Amino acid sequence: MERINGEVITGIALALLAIIFIYAGRVNDVWRIILPADFIILVLGAAFIALGMVTIYGRNRNRVKENTSS
């Protein structure tokens, strides 16, 4: 049973990066210029998390049990 995969890890990393960038945009005028791009990064992170969850669900659902008795 798979619980986490690369897509989920990538999504979490992108979401945390976007949150840090959004915070930087709140306190610094230079970072405020790229604030719309930060929200795009946040949406990409959420999309990667969703893709990873769908992949995990599909792999766990279609797992075939091997019959060891012959």
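For the structure, see preceding data.
For the structure given in this document, a descriptive report is provided here. (Residues numbered from 1 in each chain as written. Predicted model: local features only at pLDDT ≥ 70, side-chain atom pairs only at ≥ 80, totals over all residues. Heavy atoms only, no water.)

Points about the packing of helix 1 (residues 6–27) against helix 3 (residues 35–61)
Then step 1. At a closest axis distance of 7 Å, the pairing of helix 1 and helix 3 adopts a crossing angle of 160°. As the angle between them shows, helix 1 and helix 3 are arranged roughly antiparallel. In terms of crossing hand, the pair formed by helix 1 and helix 3 is left-handed.
Then step 2. Residue classes in the contact of helix 1 with helix 3 are distributed as 18 nonpolar, 5 polar and 2 charged. (Axes fitted to C-alpha atoms, helices over the stretch in contact; angles between N-to-C directions. Helix = DSSP H or I, 4+ residues; strand = E, 2+ residues; numbered from the N terminus. Parallel < 35°, antiparallel > 145°, perpendicular 65-115°, else oblique. Left-handed = near helix turned anticlockwise from the far one by under 90°. Nonpolar A, V, L, I, M, F, W, Y, C, P; charged D, E, K, R; others polar.)

Examining the pattern of salt bridges
Two side chains with opposite charge may pair up if their charged atoms get near one another.
Then step 1. Using the criterion set out here, one finds 1 salt bridge in the structure.
Then step 2. The shortest N-O distance in the salt bridge between Asp29 and Arg32 comes to 3.2 Å. Highlighted residues: Asp29 and Arg32, both in helix 2 (residues 29–32), separated by 3 residues, approximately one helical turn. (Salt bridge = Lys/Arg side-chain N within 4 Å of Asp/Glu carboxyl O.)

Digging into the environment of Thr55
Then step 1. Residue placement: Thr55 occurs in helix 3.
Then step 2. In this structure the C-alpha to C-alpha distance between Thr55 and Glu2, which are 53 residues apart in sequence, comes to 9.7 Å.
Then step 3. Within the local environment of Thr55, its side chain forms a polar contact with the backbone oxygen of Leu51, the two atoms lying 2.8 Å apart. (Polar contact = N/O pair within 3.5 Å; in protein donor to acceptor, adjacent residues only side chain to side chain.)

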